[in-house]
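The lines below spell out each chain.
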Amino acid sequence: MRRRDHNIFANASALAICGLLTGIVVAAAVFPAAAMSGLAAKAGGTTFQNLPSELKAYTSPQITRIYASDGKTQISQFYDEFRSDVPLKDISPYMQGAIIAAEDREFYHHKGVDLKGVARAFVSNNNGSSKQGASTITMQLVRLSLEYSATDSHEVVAATADIPKRKVTEMKYALQLEKELSKAQILERYLNIAPFGNRTYGVFAASQVYFNKKPKDLTIGQASMLAGMVKAPSGFDPTTPLGYKQIKDRRNNYVIPGMVQAGAITQVQADKALKEPIPKKVTPVGNGCVSVAKNNWGFFCDYFYRWWMGQPQFGATAYDRERRLKSGGYRIVTSMDVTAQDSARKEVSDEIKDTSKNAILIAGIEPGTGKVRALAANRKYKLDDPSHPANRISSDPAKARHHQRGSYPNTTNPLITGGGDIDGYQAGSVFKIFTMVAALEKGYPLSYQINAPVQAKTHYIIQAGSDSACPGTHFWCPTNSDPGEAGRYNMWTGFGRSVNTFFVPLEEKVGAQNAVAVAKRFGIQFRSSQDAGYANDPASANQWGAFTLGVSASTPLDVANAYATLAGDGMYCSPTPVEQITTQHNEKLDIGKPSCIRATSSDVARAALDAARCPVGDSAQLGSCGGYHTAGDVRGTVRHPVFGKTGTTDKSKTAALIAGTTSLVVAGYMVNPDYQNHSDQMSHPMVNTAVMDTLRDFMKGKPSVQFKKPGDKKIALGDQRSIPDVSCQAIGAAKSEIEGAGFDVSIGDPIDSDCPAGTAAGTDPSGRTIKNGGVTIQPSKGKGKVTKPGPGRHGPAGGGH
């Protein structure tokens, strides 16, 4: 509460001050033009003359409001002081009359200082009567303005100190202010800056908190109560027993009679106003993300807040940025799409309960802009009450031993977007996209084939004796989730079936450090110190063979935006929660607008996206998916051209799906946020359904837009060359001839043929393939019908990758 002064003249020096002020006021009243110059000096001496006559420019703290992308739906608000300025025309005439009756009944008859009031206060304060302050509305406005314009603690003290010098300063400023502003302007400013208690400042906030209405709708009884509180907001607080009694007495016996006396209302109106109830409770006013209009909007609000706090344009320090947000009075239209957001939360809730220790985390982002459209999880966005905790004991055994509680069902942790102590989660094979992009950038076409073995033998060094090392070595030798996946694949079929032993050798060919570099350009953050150590050191990155299998921590938002870079024609756009920021002066800021850079060429992006149509049941435009998919229901559910990828970590500790169109990319992870080394098996059907149904709901009614094809067809088919016919040749001779033609040769399993045993029965593929592509020589068993080489497709469609 800001103090009111009632004893300015109650000391020995008051007489001299009063004489000084009387001379000043008389001079100002008789010679207005000269009041601030020579006559003022003669009347009051050089001390008064030397005081400044212009108030510093100031802006009182204002509420910042954030809205959904429709510009209408309010998400939440941020404030230090609950205040929002309104023009005088939007303030009830009753409120205007009431504040004059309560605070300054001579408002329209003085020029900033009430000389009679000064004299009356002097007499009253020096004869033992109750203390009076003699501050006019204009002088009070000056004092509050000095407080808000103070730039250091000394100025704050000077603006509020209970000493005669402060009163002198207020009077000079008030006289000058009355010259520069009309009475209506002064009244408007005062009503917007005055304190009304219960953390409300200005008549807009007071109207909302005490009566849940706009200032223009205040009744006489309501307006007179608010006006009566300004003198001492805490003392006249109606929510306390003593305050209720005192404000009722002040309203009924002072303010309302004063309004009648001034002609602001009639006696009949006054009698009716006396019967109006005075509230004993106030409407709680939400502040920040814990007070969002709908709880499921909390994670988006939190993402916006963290984004704001990371923008240096709003201040050099975190303190400055928070003050700017909570006092700047901005109108911020965010990127949150209400339909997408509510749909995502519904689809998640349909699959898993909020009380589950496991979580489905959903992020949706718009390609080409980076605008974040939805963030949802099966969690309540709220702080768990430590005195009555609803959260279960943590699923992390180390924390459980100390009875620490987990993040379910209540949390404010940025589970979906990362930050703070949330580094992210392993997402599995969704990271294979980075290896494919790196390969395309290196000139390997989509049709490039690799004979994927049951176990790939690599040159990546790991700890000897590890389960994933080749027996007796320290080299990493990964396998597939299904031994039946071995065979020859290209990028369409390898990505469609998510074959580990295709992508690890491909990564080794293009260099793991190049796959990591692609991930960086596509926005993967590498928040954990271990991941960052690998990613930021070229030598370490080059040995990070497991990178393509998704062992790095990431968040759904990171990966959704990485895949959106493909749909954005190779343009990476920094994720943003903002559509438009407008200042209280109606100035539109450019901060938060799409900020995009080229992450890869448009042809590479279009080619990679074409292969990424295979996992989600769509058809490639440039080649064939070979019938392979790991989430084949997506295309039929969304009913639009789609692309994406599934991901699963070891023992299904994480399950992920990314699915996107030209309009939205949705990423979903199913994880245990509190303990990732758990024993549960995450469910692909659950997370897949949540993701594809969210995308379906968003795309409903939107036109179907086909993905673009690359301009250079060679990026798909490569430079096609003829494969020498080596049928019935010795294996060594056949190998030399094919290598001499520029192909990468491997020896496959023997097959039945009419060629002599031990010779080459043929090749897979045969006829033509890409320059430098892989060719497998098929040794002959020496009997039976010749088995013609196949196209490199093997077995039924796989799943769960």
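A few points on the structure. Note that this is a predicted model, so its numbers are computed, not measured.

1. As for the packing of helix 4 (residues 93-103) against helix 9 (residues 183-193)
Where helix 4 contacts helix 9, the axes come no closer than 11 Å and their chain directions differ by 85°. On the basis of the axis angle, helix 4 is roughly perpendicular to helix 9. Note on element contacts: helix 9 touches helix 4 through L187, Y190 and L191, opposite M95, Q96, I99, I100 and E103. Looking at side-chain class alone, the contact of helix 4 with helix 9 contains 6 nonpolar, 1 polar and 1 charged residues.

2. Examining the sheet that holds strand 18 (residues 643-648)
In space, the 5 strands of this open sheet follow the order 7-6-20-19-18, with antiparallel pairing throughout. In this open sheet, the two edge strands, each paired with only one partner strand, are strand 7 (372-377) and strand 18. Neighbour-to-neighbour, the strand axes of the sheet open up by a mean angle of 10°, direction not taken into account. Taken together, the 5 bridges between strand 6 (residues 359-365) and strand 7 define a ladder with antiparallel strand orientation. Across the sheet, the residue bridging to A363 is L375, located in strand 7.

3. With respect to the nonpolar core
Formed by 100 residues in total, the largest nonpolar core has its most connected members in W308, I433, F434 and M436. Apart from the residues lying within four places of it in its own chain, the contact partners of F434 are A515, V518, A519, F522, I524, F547 and A562.

4. Regarding the packing of helix 18 (residues 432-441) against helix 25 (residues 602-611)
Between helix 18 and helix 25, whose axes approach to 10 Å, the crossing angle comes to 135°. It follows from the interaxial angle that helix 18 and helix 25 lie oblique. Note that helix 18 runs across helix 25; the crossing there is right-handed. Contacts between helix 18 and helix 25 pair I433, M436, V437, L440 and E441 from the former with V604, A607, A608 and A611 from the latter. Considered class by class, the residues forming the contact of helix 18 with helix 25 number 8 nonpolar, no polar and 1 charged.

5. Regarding the pattern of salt bridges
Two side chains bearing opposite charge may form a pair once their charged atoms approach each other closely. Throughout the structure, instances matching the rule amount to 27 salt bridges. Between E739 and K735 there is a salt bridge, with the nearest N and O atoms lying 2.7 Å from each other. Taken together, the residues E739 and K735, both in helix 29 (residues 731-740) and 4 residues apart, mark about one turn of the helix. A relative accessible area of 37% means that E739 is categorised as partly exposed.

6. A short note on the sheet that holds strand 22 (residues 744-747)
Spatially, 22-25-23 is the arrangement adopted by the 3 strands of the open sheet, whose pairing is mixed. Since the sheet does not close on itself, it has two edges, and those belong to strand 22 and strand 23 (760-764), each with one partner. Averaged over neighbouring strand pairs, the angle between their axes works out to 30° when direction is ignored. The strands touched by helix 29 within the sheet are strand 22, strand 23 and strand 25 (774-779), with strand 25 carrying the most contacts at an inclination of about 165°.

7. Focus: unusual backbone geometry
Between Y408 and the following residue, P409, the backbone shows a cis peptide bond with an omega angle of 5°. If you trace the backbone, P409 turns up in the loop between helix 17 (397-400) and strand 9 (410-411). For the bond from D764 to P765, the omega torsion is 0°, close enough to zero to count as cis. Summarising the element assignment, P765 is placed in the loop between strand 23 and strand 24 (768-770).

8. What about the environment of G228?
Of note, G228 is situated in helix 11 (residues 220-229). Classification of G228 by relative accessible area gives buried; the value is 0%. On a C-alpha basis, the gap between G228 and N252 in space is 9.6 Å, while along the polypeptide they are 24 residues apart. Those residues in contact with G228 that lie beyond four places of it in its chain are A102, F236, I247, R250 and V255.

9. With respect to the side chain of T369
With respect to the element layout, T369 can be found in the loop between strand 6 and strand 7. Residue T369 is classed as buried on the basis of its relative accessible area of 15%. A polar contact is formed between the side chain of T369 and the side chain of E366, at a distance of 2.7 Å. A distance of 3.1 Å separates a polar atom in the side chain of T369 from the backbone nitrogen of K371. Each residue touching T369, except ones within four places of it in the same chain, is listed here: C573, S574, T576 and P594.

Calculation rules
Residues numbered from 1 in each chain as written. Predicted model: local features only at pLDDT ≥ 70, side-chain atom pairs only at ≥ 80, totals over all residues. Heavy atoms only, no water. Axes fitted to C-alpha atoms, helices over the stretch in contact; angles between N-to-C directions. Helix = DSSP H or I, 4+ residues; strand = E, 2+ residues; numbered from the N terminus. Parallel < 35°, antiparallel > 145°, perpendicular 65-115°, else oblique. Contact = heavy atoms within 4.5 Å. Nonpolar A, V, L, I, M, F, W, Y, C, P; charged D, E, K, R; others polar. Pairing = 2+ DSSP bridges. Core = buried A, V, L, I, M, F, W, Y, C linked by side-chain atoms within 4.5 Å. Buried < 20%, exposed > 50% of the residue type's maximum accessible area, 1.4 Å probe, protein only. Left-handed = near helix turned anticlockwise from the far one by under 90°. Salt bridge = Lys/Arg side-chain N within 4 Å of Asp/Glu carboxyl O. Polar contact = N/O pair within 3.5 Å; in protein donor to acceptor, adjacent residues only side chain to side chain.

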